[in-house]
Amino acid sequence: MKFASCCVLGLIASPVFGSVYTDPTGDIATGNPNLDLTSVTVWDNGSDLAFTITVDNLDADWGKYMLFIDYQDGGSGDNDNPWSRNVSGLGGMDFFSGMWLDNGYNATAFSYSGGWYENYTTTIDVDWASNSITFSMMDVVTSWMDQGITGFDFEVGTTGGANGDPAIDLIGAEGVQ
């Protein structure tokens, strides 16, 4: 599985510009436009890291969205994430955040150190008009730069609502990045 990479934290881009990764519209078999990724914009402001996920049509009262980040050696095994979703090819992930729209919206965030631990704060902003969801991780860039980390790999996906459900769409699965 191919996933996208970002380098030189603190210099990715401003929130206005960011690095944009695209995904074809209509490339999923389920026919759910709220799960059909069209782009991901990655940006930081020198201290916080954010991912804005855009889907074909966010006009639904449900949806599950996943963010995987690999920023250091080690990490999780393949097909190992705290939501127990059937997403293979992502071994070595160090961070996971999952967001859901069911009955309002919320998110969880985890780091990996021999197991998944919920210990990060992720804020969520849903922009229904532009079909987008922004995951923001406070002070992550500052922390990573203090550790000498200057880049990371990531994958963004959509999924259903039950343990064992597969990824419906992945931003890097088509190899366009």
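Here the structure is a predicted model, which means the values were calculated and not measured. (Residues numbered from 1 in each chain as written. Predicted model: local features only at pLDDT ≥ 70, side-chain atom pairs only at ≥ 80, totals over all residues. Heavy atoms only, no water.)

Participant: How would you summarise the overall build of the chain if you had to cite specific residues and measurements?
Facilitator: In terms of regular secondary structure, the chain is built from 1 helix and 12 strands. Its helices and strands in sequence order give the chain the pattern β-β-β-β-β-β-β-β-β-β-α-β-β, from N to C terminus. Burial statistics for the chain: of 177 residues in total, 50% are counted as buried. Relative to all contacts within the chain whose residues are 6 or more apart in sequence, the contacts with residues 24 or more apart total 58%. Of the roughly 7700 Å² of accessible surface on the chain, 47% is carried by carbon and sulfur atoms. (Helix = DSSP H or I, 4+ residues; strand = E, 2+ residues; numbered from the N terminus. Buried < 20%, exposed > 50% of the residue type's maximum accessible area, 1.4 Å probe, protein only. Contact = heavy atoms within 4.5 Å. Areas by Shrake-Rupley, 256 points an atom, 1.4 Å probe, with all protein chains shown as cover.)

Participant: So what's going on with the pattern of salt bridges? Which residues, and what values?
Facilitator: Scanning all chains against the criterion turns up 1 salt bridge. A salt bridge links K64 to D102, with the shortest nitrogen-to-oxygen separation between them at 2.8 Å. Here the residue K64 occupies a position in strand β5 (residues 64–70), and D102 occupies one in the loop between β6 (95–100) and β7 (106–112), the gap between them amounting to 38 residues. (Salt bridge = Lys/Arg side-chain N within 4 Å of Asp/Glu carboxyl O.)

Participant: An account of the sheet that holds strand β10 (residues 132–137) is needed here, citing residue identities and associated values.
Facilitator: The strand order across the open sheet built from 5 strands is β2-β3-β4-β10-β9, with neighbouring strands paired in antiparallel fashion. Edge positions in the open sheet fall to β2 (19–22) and β9 (122–127), since each of these has one partner strand only. With direction set aside, neighbouring strand axes in the sheet form an average angle of 15°. Strand direction decides the pairing type here: strand β4 (residues 49–55) and β10, joined by 6 bridges, are antiparallel. When the bridges of β10 are listed, T52 appears paired with T134. (Pairing = 2+ DSSP bridges. Axes fitted to C-alpha atoms, helices over the stretch in contact; angles between N-to-C directions.)

Participant: Talk me through unusual backbone geometry; I want residue IDs and the actual numbers.
Facilitator: Of note in the backbone geometry, S84 takes a positive phi value of approximately 55° without being a glycine. Turning to its location among the elements, S84 is positioned in the loop between β5 and β6. Residue S84 is classed as partly exposed on the basis of its relative accessible area, which comes to 41%. Despite not being glycine, N131 has its phi angle at roughly 60°, a positive value. Note on placement: N131 falls in the loop between β9 and β10.

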